[in-house]
Amino acid sequence: MLARDLTQGGITKTLVLFALPMIAGNLLQQCYNIADTLIVGRFLGADALAAVGSAYTLMTFLTSILLGLAMGSGALISICCGQRDSERMRYTITASFVLIGVLATALSLLVYAFIDPIMALLQVPQAVYGLMKDYLLVVFAGIIATFLYNYFACLLRAVGNSAAPLAFLGVASVLNVVLDLVFVLRFSWGVAGAGFATVLSQYLSGIGLAAYTWLRCPQLRPHRHHWRLSASRFAEVGRYSLLTCMQQSIMNFGILMVQGLVNSFGPAVMSAFAAAVKIDSFAYMPAQDLGNAFSTFVAQNYGAKKPRRIQQGIRQAVILSVAFCVAVSALVFVFAEPLLLLFVQPEETEILAIGVQYLHIEGAFYCGIGCLFLLYGLYRAIDRPGMSVVLTVISLGTRVLLAYGLAAIPAIGVVGIWWSVPIGWFLADVAGFGYYFLRRKAIQREFLQIE
């Protein structure tokens, strides 16, 4: 049943081999918006860069809702795999597909209906308002594609197949870059052209991965009777999916609120933040994927009733994450300005200075977010998704409160927004590790009692 059985073999090697395709895949996924940002920033100017960058934060929030739902159902599917319960797994697949598909459709309709209030909430300056709206009207059309890709990617990863999503995403990322160049430079469609390139690429990866799963993975294909779903099936999926969705969406909603505060400082800060966040996301994305791979590892072993292997996995995952984050922090700190010059023209000295300041502060503390991703994955996999929500509230609540409070002090200003981020990470890490070590014995007893 398992494409990769994470309940057997050396832990470090198993985690790394499973995580590598996920890391490569999500780095490619970052290329969707990074390609837009590079081309828009270089050829359409600072206002267009600010518009696309601010839209990226909003789209990340919307994607996080769908990703959270898919990750939650994926954790339940991983547990079914560990238990070798194919019948329960197929019921879970159908229930989660229907539930998340309906919610994705509703989300798609809502964002079109409320696009102007959403932009008002983000405090988008008038100088970039029209450009950002043009871009959003196009990229909102890709929400259903985002659902398809993330649902089937999480499904395949739940059973140990992290390679297939990478292949489809790789093709789509190349197409995205090619279409960006064609639509923006040759056809002169402006920011809307960058949006069309992204949406078409998303549909290629989403529909392609869905077709692959149906045709090549018969063990995941539900039979007719699996579509006769009861309220209890939806309730079981909802318990995992909705809390994980809440955790993901709270995290990104907090970032969205910070984006609104950043926008209030004007186009220069917006542009610097837009470019720096792309570097930021790219830098710690592997740590996030290690956390997701770790979640699948824990869920399969949770289903297989192997608490000792989970305990060993926690130690190995923390070592891997910290080692990676220290190395990346050093690189980002040293090469902050050259990295920003990929997005910003050299003569934009104010934007460069603000961006370097951001990366020097936040980029020095990636260990905090790396450990937090592991904690999210751990609690999602051991049937405590509510704890992930608590950690997110601590991290993002601290970030938002500190950002607004410190930024209002004239002597601190925008620097306070940057410092609020690592402080939030640190407090959430302390809470997450503290809870686990205080409750470790009780949690391990539960491992051996699950059905």
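No experiment lies behind these values; they were computed from the predicted model shown.

Caption draft 1: Representation of the overall build of the protein chain within the structure. The number of helices and strands found in the protein chain is 16 helices and zero strands. Taken over the C-alpha trace, the protein chain has a radius of gyration of 21 Å; the compact-globule value for 451 residues is 22 Å, and the two agree within 12%. In terms of principal-axis extent, the alpha carbons of the protein chain reach across some 60 × 45 × 35 Å. Expressed as a percentage of contacts within the protein chain between residues at least 6 apart in sequence, the contacts between residues at least 24 apart total 83%. Working note: accessible area of the protein chain is about 17,000 Å², and carbon and sulfur atoms make up 69% of it. Averaging the coordinates of the 28 positive side-chain charges in the protein chain and doing the same for the 20 negative ones gives two points 17 Å apart.

Caption draft 2: Up close: the state of the cysteines. Per the stated rule, a full pass over the model turns up zero disulfides. In this structure Cys80 is not part of a disulfide, and its nearest cysteine sulfur, from Cys81, lies 7.0 Å away. Classification of Cys80 by relative accessible area gives buried; the value is 0%. The thiol of Cys367 is unpaired, and the distance to the nearest cysteine sulfur, on Cys325, comes to 5.2 Å.

Caption draft 3: Quick peek at the nonpolar core. Formed by 78 residues in total, the largest nonpolar core has its most connected members in Phe294, Tyr366, Ile417 and Trp418. Element by element, the count of residues in this core is highest for helix α10 (residues 267–303), at 17 residues. Ignoring any residue separated from it by four or fewer positions in sequence, one finds Ile417 in contact with Val258, Leu261, Val262, Phe265, Ala403 and Ala407.

Caption draft 4: Representation of the packing of aromatic side chains. A full pass over the atoms with the stated rule returns 22 aromatic pairs. With a centroid separation of 6.0 Å and an interplanar angle of 25°, the aromatic rings of Phe183 and Phe187 are classed as stacked. Their ring planes at 65° and their centres at 5.8 Å tell us that Tyr379 and Tyr435 sit as a pair that is edge-to-face. Separated by 56 residues along the polypeptide, Tyr379 in helix α14 (residues 366–381) and Tyr435 in helix α16 (residues 415–447) bring together distant segments of the chain.

Caption draft 5: Inspection of the pattern of salt bridges at higher detail. In total, this model carries three salt bridges according to the counting rule given. Linking Asp116 and Lys133 is a salt bridge whose minimum nitrogen-to-oxygen distance equals 3.1 Å. Of this pair, Asp116 sits in helix α4 (residues 115–121) while Lys133 sits in helix α5 (residues 126–139), and the two are 17 residues apart along the sequence. According to the relative accessible area criterion, Lys133 is partly exposed, its value standing at 24%.

Caption draft 6: Quick look at the packing of helix α3 (residues 86–113) against helix α9 (residues 231–263). At a closest axis distance of 9 Å, the pairing of α3 and α9 adopts a crossing angle of 65°. Considering the angle they form, α3 stands roughly perpendicular to α9. By crossing handedness, the relation of α3 to α9 is classed as right-handed. Where α3 abuts α9, its residues Arg88, Tyr91, Thr92, Ala95, Ser96, Val98, Leu99 and Leu103 lie against Arg233, Phe234, Glu236, Val237, Gly238 and Leu242. Residue classes in the contact of α3 with α9 are distributed as eight nonpolar, three polar and three charged.

Reading the values: the criteria
- Residues numbered from 1 in each chain as written.
- Predicted model: local features only at pLDDT ≥ 70, side-chain atom pairs only at ≥ 80, totals over all residues.
- Heavy atoms only, no water.
- Helix = DSSP H or I, 4+ residues; strand = E, 2+ residues; numbered from the N terminus.
- Rg over C-alpha atoms; globule rule 2.2 N^0.38 Å.
- Contact = heavy atoms within 4.5 Å.
- Areas by Shrake-Rupley, 256 points an atom, 1.4 Å probe, with all protein chains shown as cover.
- Lys, Arg positive; Asp, Glu negative; His and termini not counted.
- Charge placed at Lys NZ, Arg CZ, Asp CG, Glu CD.
- Disulfide = S-S within 2.5 Å.
- Buried < 20%, exposed > 50% of the residue type's maximum accessible area, 1.4 Å probe, protein only.
- Core = buried A, V, L, I, M, F, W, Y, C linked by side-chain atoms within 4.5 Å.
- Phe/Tyr/Trp six-rings, centres within 6.5 Å; stacked < 30°, edge-to-face > 60°.
- Salt bridge = Lys/Arg side-chain N within 4 Å of Asp/Glu carboxyl O.
- Axes fitted to C-alpha atoms, helices over the stretch in contact; angles between N-to-C directions.
- Parallel < 35°, antiparallel > 145°, perpendicular 65-115°, else oblique.
- Left-handed = near helix turned anticlockwise from the far one by under 90°.
- Nonpolar A, V, L, I, M, F, W, Y, C, P; charged D, E, K, R; others polar.

Geometric values such as these leave the question of function open.
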